[in-house]
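Summary of structural features
Read off the chains here:
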Amino acid sequence: MSEPAHPFAVYEEHPLVLAARELQPAIRKCADEIEAGGTIPPHLIEALTERGLFRLNIPTRSHGEQAHPLVVFHVIEALAHADASLAWVVMISTEVSLLASYLPNSILSQMIGGEEPGGPSCRIVGSSRVMTIAQPDEAGYRLSGRLNFVSGVEHATHIVATFMDFEDQVRFALFPQRAGRVIETWDAMGLRGTGSHDWEVEDAFVQHAHTWAALEPACAEGPQWRVPDRSLVAWIANAGHAVGTAQGALDDLAGWASESTTGDTSPLRDREPFRLAYARAQAEVSAARALVQISWNRAWPMVERGEASLESLGHCRLANVYAVHSCVGAVERLFKAGGTKAARRSWTLERRWRDLQTARQHGAALEWNFDAGARPLLGLPPRRVR
């Protein structure tokens with residue numbers, strides 16, 4: 001008698017997730033190059049693009065994948081298991097693509113080349129910070145300004161920029177990347193390979209039809225764009241990034257734990273304090289992964305039916321932010337238990353630790369997410385999130 005299928009197998013074994021896992025050996029082979037060079041090698045960018053991993057949150061009608069949130073979670077998890085910087089670049093593109101899909105499908109499809117064989121080869125990145133100044137133009141806007149922390153900007157095809165219109169309303173604009181210039185500014189302790197540089201435009205024209213207001217409803221059809229707070233759907237990818245990075249640290253450390261250390265022939269795995277720390281870290285990461293799976297698996301069918309409760313969405317937000325915080329804590333525990341060797345660059349543990357410390361600074365991991373998740377559970381009105 002065959003065993004029943006795992007309840008989350010439909011997401012974990014989705015073709016897009018399998019495509020991400022297929023790339024893991026090639027990504028790991030380039031991990032040191034990514035760290036040292038501060039960018040993703042072009043051949044990996046092309047491999048990710050060809051497999052559709054930069055169009056996870058582009059609508060089907062614009063020839064994107066419009067993937068289930070748990071598929072997005074597992075794709076980013078698989079990539080982060082191999083390298084956190086590369087996964088971060090795909091993660092940000094996925095999140096910003098969700099935002100770009102507020103444009104009408106026909107316009108978005110035309111801009112990103114949706115009719116291309118095999119689907120669009122677009123890589124959309126950007127920033128939600130209001131950094132650009134708008135000037136009036138008869139057919140649209142002329143924008144000048146500088147966006148910062150634009151992860152993957154070097155390899156992007158399109159940029160989402162944020163500006164204030166003439167009625168003091170926040171608007172977004174979708175530009176070709178070539179409309180501005182990249183200014184190399186990224187120098188951080190972690191996620192060093194993301195190339196999160198600045199992007200600057202000067203008197204760049206954008207048609208009114210290529211912009212949209214922050215508070216207007218999305219034009220895309222699908223449950224991803226019916227959730228009241230778009231950051232909720234976007235930031236499940238941050239949870240996947242944290243879980244994949246932390247599980248990668250655990251799996252790498254399991255291999256090194258059999259090595260003896262200088263001045264002490266006892267391998268880490270033979271020391272009870274290390275085993276206890278490793279066990280707790282693995283439990284924390286596994287619990288974070290399961291909480292995301294359970295919370296989203298319960299809530300998403302209701303979202304698809306248009307019946308999602310604020311309480312179910314609150315649990316999803318708590319799962320997203322808890323995953324980041326618990327995975328950061330798990331890798332901190334491993335770093336401490338690893339002793340002197342944990343600080344050596346010959347191990348990836350110190351890199352994983354730095355990457356997660358940096359990832360925790362993203363809005364998806366800020367403390368207000370706990371409050372936003374708890375409010376509906378306590379009968380309070382939702383926290384307003386732009």
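The structure presented is a predicted model; accordingly, all values stated were derived computationally and were not measured.

Between side chains of opposite charge, pairing is possible as soon as their charged atoms come close. Applying the stated criterion to the full structure yields 20 salt bridges. Among the ionic pairs, Arg51 bridges to Glu22, the shortest N-O distance being 3.8 Å. Of this pair, Arg51 sits in the loop between α5 (42-50) and α6 (69-82) while Glu22 is found in helix α2 (residues 15-22), placing the two residues 29 residues apart along the sequence. Judged by relative accessible area, which is 53%, Glu22 ranks as exposed. Measuring nitrogen to oxygen at the nearest pair gives 2.8 Å for the salt bridge that ties Arg354 to Glu350. Placement of both Arg354 and Glu350 in helix α13 (residues 349-359) is noted, with a separation of four residues, approximately one turn of the helix. In this structure Arg354 comes out as buried when scored by relative accessible area, which is 11%. Where salt bridges share partners, they join Asp32, Glu35, Glu350, Arg351 and Arg354 into one cluster.

In this section: unusual backbone geometry. Located in the positive-phi region is Phe149, a residue other than glycine, with phi close to 55°. Positionally, Phe149 belongs in strand β2 (residues 140-150). With a phi angle near 50°, Leu191 is a residue other than glycine that sits in the positive phi range. Here Leu191 shows up in the loop between β5 (181-183) and β6 (197-207).

Together, Leu377, Leu378 and Leu380 give the surface a local cluster of nonpolar side chains, amounting to about 280 Å² of exposed area. Locating Leu378 in the fold gives a position in the segment after α14 (368-374). The class for Leu378 is exposed, based on a relative accessible area of 65%.

Across the eight residues of helix α8 (residues 105-112), six count as buried, placing the element largely inside the fold. Every buried residue of α8 is accounted for by Asn105, Ile107, Leu108, Ser109, Met111 and Ile112.

Rules used in this analysis
Residues numbered from 1 in each chain as written. Predicted model: local features only at pLDDT ≥ 70, side-chain atom pairs only at ≥ 80, totals over all residues. Heavy atoms only, no water. Salt bridge = Lys/Arg side-chain N within 4 Å of Asp/Glu carboxyl O. Helix = DSSP H or I, 4+ residues; strand = E, 2+ residues; numbered from the N terminus. Buried < 20%, exposed > 50% of the residue type's maximum accessible area, 1.4 Å probe, protein only. Patch = residues over 30% accessible without salt bridge, like charges linked within 9 Å, V, L, I, M, F, W, Y side chains within 5 Å. Areas by Shrake-Rupley, 256 points an atom, 1.4 Å probe, with all protein chains shown as cover.

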